[in-house]
Amino acid sequence: MNTKQCVSALLLATSFTFATAHAATYTDGEIMEIMKVANEAEIDAGDMAEDKAKNSEVKDFAKHMKEEHKKNKKEGKSVSKDAKIKMKSSAKSKELEKDAKNKLSGLKKMKDENFDKTYITQQIEMHQALLTELDSSLIPSAQDPKLKTFLEETKTHVQEHLTKAQEIQQKMGPANQTM
């Protein structure tokens, strides 16, 4: 397999990370840790995309993702503090962290247009998976009303991010996903 094929396989294998645990239940502390890990992964990917992307719309999207996810991470910390929720690591948060590192490693190897297309494809997959997880596990598991409100507001932003990434992908065409 060439680099594109390896990255495509990695993306496909990890894009369902959130979706595979749709029946899972989490404590409020585990939910906050999952959200923190997801935000940090988006910030790291945005940093890289801002540096490596060639397409100005992709660069702008990456910058927006960094800003939005930094803001969400800060809001999450505030909710945790106000509701006295202590973040707690879980198998899910550890899995997400590992998958994020793998995706970032794959992105580092991409160049030019392939980088741009792969980054946008990853964004679509990750935001869709997070929407699924918010609906199926995170929001239903949340016990604290402030946390539930935070997650519902976050869901609205995730949907907006997904829609924007899909619009960019339509203009660019999808990444080469042939195996």
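Please refer to the structure placed before this passage.
Residues numbered from 1 in each chain as written. Predicted model: local features only at pLDDT ≥ 70, side-chain atom pairs only at ≥ 80, totals over all residues. Heavy atoms only, no water.

For the rest of this paragraph, the subject is the pattern of salt bridges. The full count for this structure, using the stated rule, is seven salt bridges. Linking K164 and E57 is a salt bridge whose minimum nitrogen-to-oxygen distance equals 3.4 Å. Here K164, found in helix α6 (residues 145–172), pairs with E57, found in helix α3 (residues 56–83); they are 107 residues apart in sequence, far enough to count as distant. One salt-bridge network, held together by shared partners, links D47, E50 and K66. (Salt bridge = Lys/Arg side-chain N within 4 Å of Asp/Glu carboxyl O. Helix = DSSP H or I, 4+ residues; strand = E, 2+ residues; numbered from the N terminus.)

Bringing helix α2 (residues 28–52) into the picture now. Here α2 is 25 residues long and its end C-alpha atoms lie 36 Å apart, about the 36 Å a rise of 1.5 Å per residue gives. Of all 25 residues in α2, 18 are buried, a share of seventy percent or more. (Expected span 1.5 Å × (residues − 1). Buried < 20%, exposed > 50% of the residue type's maximum accessible area, 1.4 Å probe, protein only.)

Here we come to unusual backbone geometry. The backbone of K84 sits at a positive phi, close to 55°, despite the residue not being glycine. Examined against the element boundaries, K84 turns out to sit in the loop between α3 and α4 (91–108).

The next thing to look at is the nonpolar core. Counting residues in hydrophobic clusters, the biggest one holds 39 residues, and the most contacted among them are Y119, L138, L147 and L151. Of all the secondary structure elements, the ones that give two or more residues to this core are α2, α3, α4, α5 (112–141) and α6. A total of nine residues in this core trace back to one element, the largest contributor, which is α5. Ignoring any residue separated from it by four or fewer positions in sequence, one finds L138 in contact with Y26, I31, I34, M35, L130, E133 and L151. (Core = buried A, V, L, I, M, F, W, Y, C linked by side-chain atoms within 4.5 Å. Contact = heavy atoms within 4.5 Å.)

Here we come to the packing of α2 against α5. Two measures define how a pair of helices packs: the angle their axes make with one another and the distance between the axes. Running from N to C, α2 and α5 cross one another at 170°; their axes reach a closest spacing of 12 Å. If you check the angle between α2 and α5, you find them roughly antiparallel. Mapping the contact onto sequence places D28, I31, I34, M35, E42, A45, G46, M48, A49 and K52 in α2 and F115, D116, Y119, Q123, M126, H127, L130, L134, L138 and S141 in α5. (Axes fitted to C-alpha atoms, helices over the stretch in contact; angles between N-to-C directions. Parallel < 35°, antiparallel > 145°, perpendicular 65-115°, else oblique.)

Each aromatic ring pair is specified by the distance between its two centres and by the angle formed by the two planes. In the structure shown here, the tally under the stated rule is two aromatic pairs. Between F61 and Y119, the aromatic rings sit 6.3 Å apart at their centres with planes inclined by 65°, giving edge-to-face as the arrangement. Remark: Y119 occurs in helix α5 and F61 occurs in helix α3; sequence separation between them is 58 residues. Judged by its relative accessible area of 0%, Y119 is buried. Pairing F115 with Y119 gives two aromatic rings, centres 6.3 Å apart and planes at 0°, and the pair type is stacked. You can see F115 and its partner Y119 sitting in helix α5, four residues apart, about one turn around the helix. Neither residue differs from the other here; F115 and Y119 are each classed as buried. In textbook terms, an aromatic cluster arises when at least three aromatic residues are bridged by ring pairs, as seen for F61, F115 and Y119. (Phe/Tyr/Trp six-rings, centres within 6.5 Å; stacked < 30°, edge-to-face > 60°.)

Worth remembering: the numbers are spatial, not functional.
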